[in-house]
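Residue-level structural notes
Each chain, written out:
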Amino acid sequence: MEENALKRVYAGYYTRWDKKRIYVVPVVKDIDTGEEIVICKDASFSKKDNEDYYTITKASFCEQVEVDGILRDKYVRQTREEIDRNMVLEVEEDGFEGPKRKPFTYHDNEYADRYIRHCSSYHEYAKDICANYRLDQKRRKLINERRQYIGVSGKADYSAMCEDISFLHQSLKTVLSDHIEIFQTRFAKGLSVRKAAEELQVNRGVIERRQAALIDAFSRLLHERDQADGTCRLYRKPEVPEEEDETE
């Protein structure tokens, strides 16, 4: 236990043994005892009113628990999961510092690689279009001005990106008209949940619920579009051809 308690705890995402996702902010010391304390918050997308912070001793954070007769780490660091920029903005607005171990790999400029329609579900597809809306608009403008593909791999991806943006615009004018306000603040302006809550004068839980409702409604429209067109715009892994039987 003493060896585990000495492990370094990094800022970022962790998954608890029961699949609960958390975001670790800093590790601080108790002013009286000197014991190290981990400060964290809920990182579940569907969690409502998750603005609260929680603490757990580092010793407890690093210990192991028995699951189905097997000892497992209580919390496992998600090293391959890119830290959501909005999460960092929120904790910084609350007075905490962001991770220092390495620069963030945010797709925060229009020159970053943009993978179009690489989503396996319509819910993920809807989130992808909305989350990349501001940068996709910049990419489209640059491509038209410079007559070269920027951020996308070629004509097919550029056409798909423009088609998705146009469909989103049309949907916001019609079926999604009730969601324009939350779309403008969160995605068109790119405000964090906290800033959006301040602008709309509501709490962050309301912002998250409205955003979730927008994504759900948009995902249904994307599905209906594919059904009407008789196609599927979700990502499908290429099938591996079966090896031919060489026996005669």
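Residues numbered from 1 in each chain as written. Predicted model: local features only at pLDDT ≥ 70, side-chain atom pairs only at ≥ 80, totals over all residues. Heavy atoms only, no water.

Considerations on the sheet that holds strand 2 (residues 21–29)
- Across the sheet, which stays open at both edges, the five strands sit in the order 4-3-2-1-7 with antiparallel pairing between neighbours. Looking at strand neighbours, the two that pair on one side only are strand 4 (53–57) and strand 7 (75–77), the edges of this open sheet. Each strand of the sheet is rotated relative to its neighbour by a mean of 40 degrees, with strand direction disregarded. (Pairing = 2+ DSSP bridges. Helix = DSSP H or I, 4+ residues; strand = E, 2+ residues; numbered from the N terminus. Axes fitted to C-alpha atoms, helices over the stretch in contact; angles between N-to-C directions.)

Topic: the environment of Val38
- Following the sequence through the fold, Val38 ends up in strand 3 (residues 36–42).
- Sequence separation between Val38 and Lys58 is 20 residues; the distance between their C-alpha atoms is 5.6 Å.
- Setting aside chain neighbours within four positions, we find Val38 in contact with Val9, Val24, Pro26, Val27, Tyr54, Thr55, Ile56, Lys58 and Phe61. (Contact = heavy atoms within 4.5 Å.)

With respect to the pattern of salt bridges
- Across all of its chains, the model carries 16 salt bridges by this definition.
- Notably, a salt bridge pairs Arg117 with Glu163, separated by 2.5 Å at the nearest N-O pair. Pair noted here: Arg117 is in the loop between helix 3 (85–93) and helix 4 (122–131) and Glu163 is in helix 6 (residues 155–173), with a separation of 46 residues, a long-range link.
- Classification of Arg117 as buried rests on a relative accessible area of 17%. (Salt bridge = Lys/Arg side-chain N within 4 Å of Asp/Glu carboxyl O. Buried < 20%, exposed > 50% of the residue type's maximum accessible area, 1.4 Å probe, protein only.)

Quick look at the pairing of strand 5 (residues 64–67)
- Burial of strand 5 is one-sided: the residues Val65 and Val67 facing one way are buried, the residues Gln64 and Glu66 facing the other way are not.
- With four bridges connecting them, strand 5 and strand 6 (residues 70–73) associate as antiparallel partners. The partner of Glu66 across the bridge, within strand 6, is Leu71.
- Remark: two residues form the turn of the hairpin made by strand 5 and strand 6, two consecutive strands paired antiparallel; Asp68 in that turn has positive phi of roughly 55 degrees.

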